[in-house]
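Commentary on secondary and tertiary structure
Single-letter residue listing:
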Amino acid sequence: MSSNVESLYQEIILDHYKHPRGKGALEGAAGESYQVNPTCGDEVTVGVRVDDTGHVHVGYEGQGCSISQASASVMSELLDGASVSDMARAERAFVDLMHSKGSAEPDEEVLGDGVAFVGVAKYPARIKCALLPWMALQDARYKAGIEIDKSEG
Amino acid sequence: MSAALDVQRIRKDFPILSRTVRDGRDLVYLDSAATSQKPTAVLDAERHYYETSNAAVHRGAHQLAEEATDAYESARAAIAGFVSARSQDIVFTKNATEGLNLAAYAFSNGTAKSQWGAHIDPRFVLGPGDTVVVTEMEHHANLIPWQELCAKTGATLRWIGVDDDGRLRAEDFDIIDSTTKVVSVVHQSNILGTINPVREVMDRAREMGAVGIVDACQSIPHMSVDITSLGADLVAWSGHKMLGPTGIGLLWGTAEILDSMPPFLTGGSMIETVHMETSTFAPPPQRFEAGVPMVAQAVGLAAAVRYLEDVGMDSIAQHEHDLTGYMLEQLQALPGVRIIGPQENVSRGSAVSFVVEGVHPHDVGQLLDDRGVAVRVGHHCAWPTCRRFNVPATTRLSTYLYNDTSDIDAAIEGIKSAQKFFGVS
């Protein structure tokens, strides 16, 4: 197996794929978004809300390849209970990471297990898989009217 | 009797097959149902045309224009000969998708114009109560144009279902009835590999007075097809799946139907007379070839056709039939692998789809790619067919004249290693 594909399928990613964290629809979601990757049929639905204390709650359901489903699991583990500004920072960092062509050195403080996706950025066809839950989050957040401050992070 | 193919000799004609991929792996190309590779003869023909005769066809008073026109029309004749058709019944299109849209637009344009008093052949006028029939195994290119036609005219879309083995349900053929205006059916499924009894379906369409259309993208490149024997009014297919360049497709029609059909794209080259208020149209095939056409691609495709004829279509079909048998056998022997489509090597082409329990097709494809094995994963532009089999996607191996059993072996080894990697074997 090549080193590139080994860095694509890091242990952390396979672990999230086989043992997804926090999978399940979010009850009382303020915004929900269903996204599909039309080239391969990966599907994910992300729900989001912010509670009275300013913490984010994220839930998801989906089916698809290891990269899309592990990405959803990592995202929900990272963001469920996070602050809105942490969510905004993570969202930006993950999108940047996917556009890095594999050369970035991601910050584990911001992205948690999301740093394992650095190898995905070398495979253009898989970037969409990894981004799918994050795009769903963005859309769900927009529908929920959760504003993020662009100047933060 | 067809002669056995000398695959090693054939492979030398395809420069791309000797390249390596992903850090020095030999390329194993098993994605010819998506697009085929091109032999040097095709590349040379295109280059030669541009170097010696390039000009706009069917116009211009100079020698180059004459030569270009001759090259274009000779290419049409060569391609017509390949499917036992008459040259004037072959229309060049951008691809098969455009050919099928050309057909669908004949109906929607006909319907729209008839409402304003134009004299249109009633076969091309649709409305509520009329039906359009397709199958549950169509490529999106032979589904969405008909959905759109129905949305524009108020007609109803119906479809012939698919059984668990990936065959058309013969008991559904009677949904083609007196309300049916169009029947458009795939000859060989790009996802299941099934070869359909199109003659039977087309005969039924004719009996009911419907226009019969066949999508032959996956059949004409792989077997000898006498196009008139399909019993269709129109047949669409593409050039790039039969060793030809991209950017060229074909639409064959009976002289009678082409003559009655309203045009699709309009503009230069497709006219007879033009006035400020109105115009009249050229006879087919020019009526359907607006603008400066894809001459170099036509020349390249004619070279592809000559190459295929030299090898022999019956030999190619036999070779691929044998490879298909080998693929089915090898895949069926793998625990956790399920073939989606006919299990038996009968009325079946060389596109073989399957799912691997516990490993998503995208991951199977990725791990095969890491070994240099190029396959297609996803819904293969046949999403409703995937739904029919309750799978989100499949992995597909598809062969051509340049493949042999060693390519299949490489794929099988790759599938085993993917199973091991994902801990499902």
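Some thoughts on the overall build of chain B
Within chain B, the regular secondary structure consists of 12 helices and 17 strands. Since a compact globule built from 425 residues should have a radius of gyration of about 22 Å, the 22 Å found for chain B is in line with a globular shape. Dimensions of chain B, computed from the C-alpha atoms along their principal axes, are close to 70 × 55 × 40 Å. Sorting the 425 residues of chain B into buried and exposed places 53% on the buried side. Contacts in chain B between residues far apart in sequence, at least 24 positions, make up 70% of those at least 6 positions apart.

Some words on the packing of helix α4 (residues 96–114) of chain B against helix α5 (residues 144–153) of chain B
All names here are of chain B. Taken N-terminus to C-terminus, the directions of α4 and α5 make an angle of 5°; their axes are 9 Å apart at the nearest point. The angle between α4 and α5 places the two elements in the roughly parallel class. In this structure, α4 uses L100, N101, A104, F107, S108 and T111 to contact α5, whose residues at the interface are P145, W146, E148, L149, K152 and T153. Looking at the contact of α4 with α5 residue by residue, the class counts come to six nonpolar, four polar and two charged.

Quick notes on the domain arrangement of chain B
Residues and elements named next belong to chain B. If you check the domain split of chain B, you get domain 1 (7–30 + 312–421) and domain 2 (46–308). Spacing between the C-alpha centres of domain 1 and domain 2 amounts to 29 Å. Between domain 1 and domain 2, the residue contacts involve 24 residues of the former and 22 residues of the latter. Only α9 (313–332), β14 (351–356), α11 (383–388) and β17 (394–398) provide two or more residues apiece to the side of domain 1 that touches domain 2. If one sorts the elements of the side of domain 1 that touches domain 2 by residue count, α9 sits on top with five residues. Taken together, the residues of the side of domain 1 that touches domain 2 break down into 10 nonpolar, nine polar and five charged.

So, the interface of chain B and chain A
On the side of chain A, 11 residues touch chain B, which itself brings 14 residues to the contact. Looking at the side of chain B that touches chain A, the elements that each hand over two or more residues are α10 (361–370) and β16 (376–378) of chain B. If one sorts the elements of the side of chain B that touches chain A by residue count, α10 of chain B sits on top with five residues. Looking at the side of chain B that touches chain A residue by residue, the class counts come to five nonpolar, five polar and four charged.

Here's the deal with the sheet that holds strand β3 (residues 56–63) of chain A
Residue and element names in this part refer to chain A. Pairing in this open sheet of three strands is antiparallel, and the strands run β1-β2-β3 from one edge to the other. Unpaired on one side and paired on the other, β1 (31–37) and β3 mark the two borders of the sheet. On average, each strand axis in the sheet is inclined to that of its neighbour by 15°, with strand direction left out of account. As paired strands, β1 and strand β2 (residues 42–50) are joined by seven bridges and run antiparallel to one another. Among the inter-strand pairings, V36 is bridged to a residue of β2, identified as E43. Packing of helix α3 (residues 66–79) onto the sheet brings it into contact with β1, β2 and β3, and relative to β3 it is tilted by some 165°. Strands β1, β2 and β3 of the sheet are contacted by helix α6 (residues 124–143), whose axis makes an angle of about 155° with β1.

A look at the pairing of β3 of chain A
All names here are of chain A. The element β3 is extensively covered by neighbouring structure, given that six of its eight residues are classed as buried. By the bridge criterion, eight bridges tie β2 to β3 in an arrangement that is antiparallel. Note that in β3 the partner of T45 across the bridge is E61. The turn linking β2 back onto β3 is made up of five residues, and G54 within it adopts a positive phi angle of 85°.

Observations concerning the packing of α10 of chain B against helix α12 (residues 405–421) of chain B
All names here are of chain B. Direction vectors running N to C along α10 and α12 enclose 120°, while the axes themselves pass 9 Å from each other. Between α10 and α12, the interaxial angle falls into the category oblique. As for how α10 packs across α12, the hand of that crossing is right-handed. Contacts between α10 and α12 involve D363, V364, L367 and L368 on the former and, on the latter, A411, G414, I415, S417, A418 and F421. Grouping the amino acids of the contact of α10 with α12 by side-chain chemistry returns seven nonpolar, two polar and one charged.

Structural notes on the sheet that holds strand β5 (residues 131–135) of chain B
All names here are of chain B. Sheet architecture is open: seven strands sit in the order β4-β10-β9-β8-β7-β5-β6, paired in mixed fashion. In the strand order of this sheet, the two ends are held by β4 (90–93) and β6 (156–160), each with one partner. The average angle at which neighbouring strand axes cross in this sheet is 20°, direction not considered. Sheet topology places strand β8 (residues 211–215) next to strand β9 (residues 234–238); three bridges connect them, and they run parallel. Bridge assignment links D215 to a residue of β9, and that residue is A236.

With respect to the environment of Y400 of chain B
All names here are of chain B. Along the chain, Y400 falls in the loop between β17 and α12. For the pair formed by Y400 and V292, sequence separation is 108 residues and the distance between their alpha carbons is 32 Å. Setting aside its immediate chain neighbours within four residues, Y400 contacts S32 and S36.

What counts and what doesn't
Residues numbered from 1 in each chain as written. Chains lettered and ligands numbered in written order. Predicted model: local features only at pLDDT ≥ 70, side-chain atom pairs only at ≥ 80, totals over all residues. Helix = DSSP H or I, 4+ residues; strand = E, 2+ residues; numbered from the N terminus. Rg over C-alpha atoms; globule rule 2.2 N^0.38 Å. Buried ≥ 20, exposed ≤ 12 C-beta atoms within 10 Å, placed from the backbone. Contact = placed C-beta atoms within 7 Å. Axes fitted to C-alpha atoms, helices over the stretch in contact; angles between N-to-C directions. Parallel < 35°, antiparallel > 145°, perpendicular 65-115°, else oblique. Nonpolar A, V, L, I, M, F, W, Y, C, P; charged D, E, K, R; others polar. Domains from an automatic or database assignment. Pairing = 2+ DSSP bridges. Left-handed = near helix turned anticlockwise from the far one by under 90°.

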